[in-house]
Each structure stands twice: as structure tokens, then as C-alpha cells.
Amino acid sequence: MKRWIIKQVSRFMATCRETTEGYTDLTEGALSDTERKRMKRHLMVCPACKTYRAQMETGVKVLHELPKEEVTEAEKDALLSRFRLHPPSPPPRKQGGGSAGASGT
Amino acid sequence: MADEDLALAKRIAAGEEAAFLALLEAIGPTLKRLTRTFVGNSAIAEEVLQETWAAIVDGCASFEGRSGLKTWACRILINTAKKRTAREARSVPMSSLGDGEEHTVDPSRFAPEGYWVAPPTPFGEGKTPEGLALHKEVREHIQRALEELPEAQRTVVTLRDVEGWDPQEVCNALDLTETNQRVLLHRGRARIRAALELYLAGNP
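Given the structure is predicted, the values throughout are model-derived calculations rather than measurements.

What about the overall build of chain B?
Helix and strand content of chain B: nine helices and zero strands. Ordered by position from N to C terminus, the α and β elements of chain B give α-α-α-α-α-α-α-α-α. Projected onto its principal axes, the C-alpha coordinates of chain B cover approximately 65 × 35 × 35 Å. Going through the 204 residues of chain B one by one, you find that 51% of them count as buried. Per element, the accessible surface of chain B, about 9800 Å² overall, is 52% carbon and sulfur. Charged side chains in chain B number 25 positive and 31 negative. The centres of these two groups are separated by 2 Å.

Structure follows, in C-alpha cells:
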């Protein structure tokens with residue numbers, strides 16, 4: 001009897017396991033209409049899967065809030081002097097004897 | 001955007017410093033973070049980053065604008081990093097999903113019918129996703145979990161969730177199919193979630 005009920009229910013909504021395995025397919029919009037509806041129905045009624053969803057969302061939120069990497073002034077200076085020393089080929093201007101100071105600003 | 005990128009590349013190819021600085025400002029932080037993702041925090045990272053920038057500058061003349069400068073530069077970085085780490089033979093092809101099956105949640109936590117027998121514990125009193133995201137200890141915990149992800153997952157999660165790229169950009173930069181990108185994202189996020197769950201269990 002229990003099995004029969006579970007079978008009927010799973011036609012209508014996803015199981016917890018399906019919901020956890022397919023959760024990113026849902027958020028990325030990669031599910032068929034039927035599958036999306038099955039999963040959404042499940043998420044409406046299952047507290048445990050709501051917690052799972054909240055934890056997934058929190059993880060993403062925390063990742064998004066991680067401090068941004070910064071290019072330091074020293075790194076910027078190093079890269080810029082390298083750019084000046086090895087300009088892309090072909091060089092922007094003919095290498096004259098005293099033209100190095102012209103690109104000062 | 002593609003036109004702007006093409007124009008910027010042309011100006012860099014012509015040796016214009018302001019254009020180079022503009023690109024450095026736009027993608028410098030991302031490239032730096034990605035370099036760390038590939039080669040860690042070593043002295044090699046510094047060299048890889050410099051080599052990458054040199055290759056970007058040289059490549060600007062032949063940049064055709066078929067993808068954005070950001071994804072194009074990212075591909076250069078990957079190639080440079082791969083060359084450097086090839087000797088260590090620790091890098092896997094980005095397109096590989098690793099071991100065939102990887103469960104989002106330990107299967108033993110579900111009954112055979114697919115319902116939780118060991119469900120995740122709800123957030124404690126007064127804990128909200130927003131609040132947790134601002135919590136220093138939580139951040140450090142998640143940062144470590146991110147660093148411990150397998151390389152392909154770590155790269156995808158970094159680009160999508162830390163850097164905020166859209167799926168298509170990630171596919172282009174990493175030569176991934178949409179499906180594989182999504183699978184790697186899911187597995188990575190699932191491991192991050194598991195780490196969060198573990199942290200919350202220890203800090204109710």
C-alpha cells in the first residue's frame with residue numbers, strides 16, 4: 001500500500017533525491033516543463049528540501065560575497081613597464097634614438 | 001560589447017597605454033583569481049600571470065572579437081597555466097567530469113523510495129542566508145571548501161558564483177558543453193552546500 005501511494009505521488013511530484021540531484025538543472029532552466037513542475041511541487045511541500053535549497057542558495061550567496069581579488073599598484077606598475085619595454089608587434093612607432101621619453105604620460 | 005572589445009584590442013595592439021590599463025582594470029582581478037585557481041598561491045602564479053599578460057598584449061593584434069576579450073584572455077591564461085603545470089601532471093582536462101558518478105548528497109541519507117531519512121538540519125534561530133553570507137567564519141569556511149574542490153568544479157564555480165559570469169561565457173572560456181558546465185557547477189555547489197551543512201552542524 002505504502003509503495004503504491006509513493007508511486008502515485010512521484011508521478012505528481014519529484015522525490016527528495018531527485019530534487020537534490022536535479023536542483024541546478026532547475027535553477028539553470030534546463031528541465032522539461034513536466035520535470036520542472038514535479039520539482040516545484042515537491043519544493044512547495046517538503047521542509048527538508050526547502051532547507052536543502054536554502055543551503056544551496058546560501059552557499060552561492062557566500063561565494064558571491066567573497067572579497068574581490070585586487071591588482072596591487074606594484075603589480076600594475078610591473079605589468080605597465082613590461083608593456084612599455086615590450087610593446088606589441090608591430091611597434092606603434094619607429095624606434096628612434098630619443099623617442100623613449102615621448103610616451104611619458 | 002564585441003565591437004568595444006575589438007576596438008580596445010586594436011588600441012592595445014597599437015601600443016596605447018591607456019587601453020592596456022583599461023583592460024588591466026577590467027579583467028586584471030579576474031585573471032589574478034583564476035591564476036590562483038589553477039596554480040595556487042605560489043611564485044609560479046606570479047610568472048604565469050606575467051606570461052599571460054605578455055601573450056594577451058601580443059595576441060591583441062590578431063584578436064577577432066568572436067568571443068569577448070574577457071573569455072579570450074581567460075583561454076590564454078588557461079593555456080599558459082597548463083603549460084606551466086604540465087610537468088607536475090596534476091591537471092585534468094577541463095572537459096572531463098572526473099569519476100563517472102558523483103552524488104549530490106550521500107545516497108545513504110535517502111530511503112530507497114527517494115525520501116530523506118537524514119534530512120539537513122534547518123537553520124538555527126535567527127540565522128538567515130543573508131546573515132550567514134556576512135559572517136566572517138562562514139566565509140572562511142566556504143573559501144576553504146572552494147579551494148578544496150576538484151579543479152574543473154573549482155574553476156566553474158569560481159567563474160559563475162564568485163566572478164558572476166554567465167553560463168555561455170564559461171562554456172566559451174573553458175571549452176565546455178552546456179551540460180558539462182551545468183554538471184560541474186552542480187557538483188561544485190553541492191560540495192559547498194555540504195561544507196556549509198557541516199559548519200552549521202558544528203555551530204548551531
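Further notes follow.
Some points on the interface of chain B and chain A
Contact with chain B, which involves 61 residues of that partner, is made by 50 residues of chain A. Both faces considered, chain B and chain A share a buried interface measuring about 5100 Å² in area, 63% of it formed by carbon and sulfur atoms. When the buried surface of chain B facing chain A is broken down by residue, Glu 17, Lys 32 and Tyr 115 of chain B rank first, second and third, together holding 12% of it. Inspection of the chain B/chain A interface yields six salt bridges. Across the pair Glu 17 of chain B and Arg 84 of chain A runs a salt bridge whose closest N-O atoms are separated by 2.8 Å.

Things to note about the environment of Thr 80 of chain B
All names here are of chain B. For Thr 80, the position within the fold is in helix H4 (residues 69-85). The buried category is assigned to Thr 80, whose relative accessible area is 8%. Sequence-wise, Thr 80 and Gln 168 are 88 residues apart; in three dimensions their C-alpha atoms are separated by 22 Å. When sequence neighbours within four positions are dropped, the list of residues in contact with Thr 80 reads Val 48, Glu 51 and Thr 52.

What about unusual backbone geometry?
Residues and elements named next belong to chain B. Non-glycine residue Asp 175 carries a positive phi angle of around 55°. Tracing the backbone shows Asp 175 in the loop between helix H8 (167-174) and helix H9 (178-202). On the basis of relative accessible area, Asp 175 is assigned to the exposed category, the value being 53%.

A short note on empty space enclosed by the protein
Counted according to the given criterion, the structure contains two cavities of 30 Å³ or more. Taken together, Val 71, Glu 75, Ala 78 and Leu 79 of chain A together with Leu 24, Gly 28, Lys 32, Glu 46, Leu 49, Gln 50 and Trp 53 of chain B make up the full set of residues lining the largest cavity. The element that contributes the greatest number of residues to the lining of the largest cavity is helix H3 (residues 43-59) of chain B, accounting for four residues. Tallied by class, the residues present in the lining of the largest cavity amount to six nonpolar, two polar and three charged.

Calculation criteria
- Residues numbered from 1 in each chain as written.
- Chains lettered and ligands numbered in written order.
- Predicted model: local features only at pLDDT ≥ 70, side-chain atom pairs only at ≥ 80, totals over all residues.
- Heavy atoms only, no water.
- Helix = DSSP H or I, 4+ residues; strand = E, 2+ residues; numbered from the N terminus.
- Buried < 20%, exposed > 50% of the residue type's maximum accessible area, 1.4 Å probe, protein only.
- Areas by Shrake-Rupley, 256 points an atom, 1.4 Å probe, with all protein chains shown as cover.
- Lys, Arg positive; Asp, Glu negative; His and termini not counted.
- Charge placed at Lys NZ, Arg CZ, Asp CG, Glu CD.
- Contact = heavy atoms within 4.5 Å.
- Buried area = accessible area lost by both parts, 1.4 Å probe.
- Salt bridge = Lys/Arg side-chain N within 4 Å of Asp/Glu carboxyl O.
- 1 Å grid on protein atoms, 1.4 Å probe; cavity = no way out; pocket = protein on both sides within 12 Å on 5 of 7 lines; lining within 4 Å.
- Points joined across faces, edges and corners; volume = space filled by probe spheres on them.
- Nonpolar A, V, L, I, M, F, W, Y, C, P; charged D, E, K, R; others polar.

Distances and angles like these do not, on their own, reveal function.
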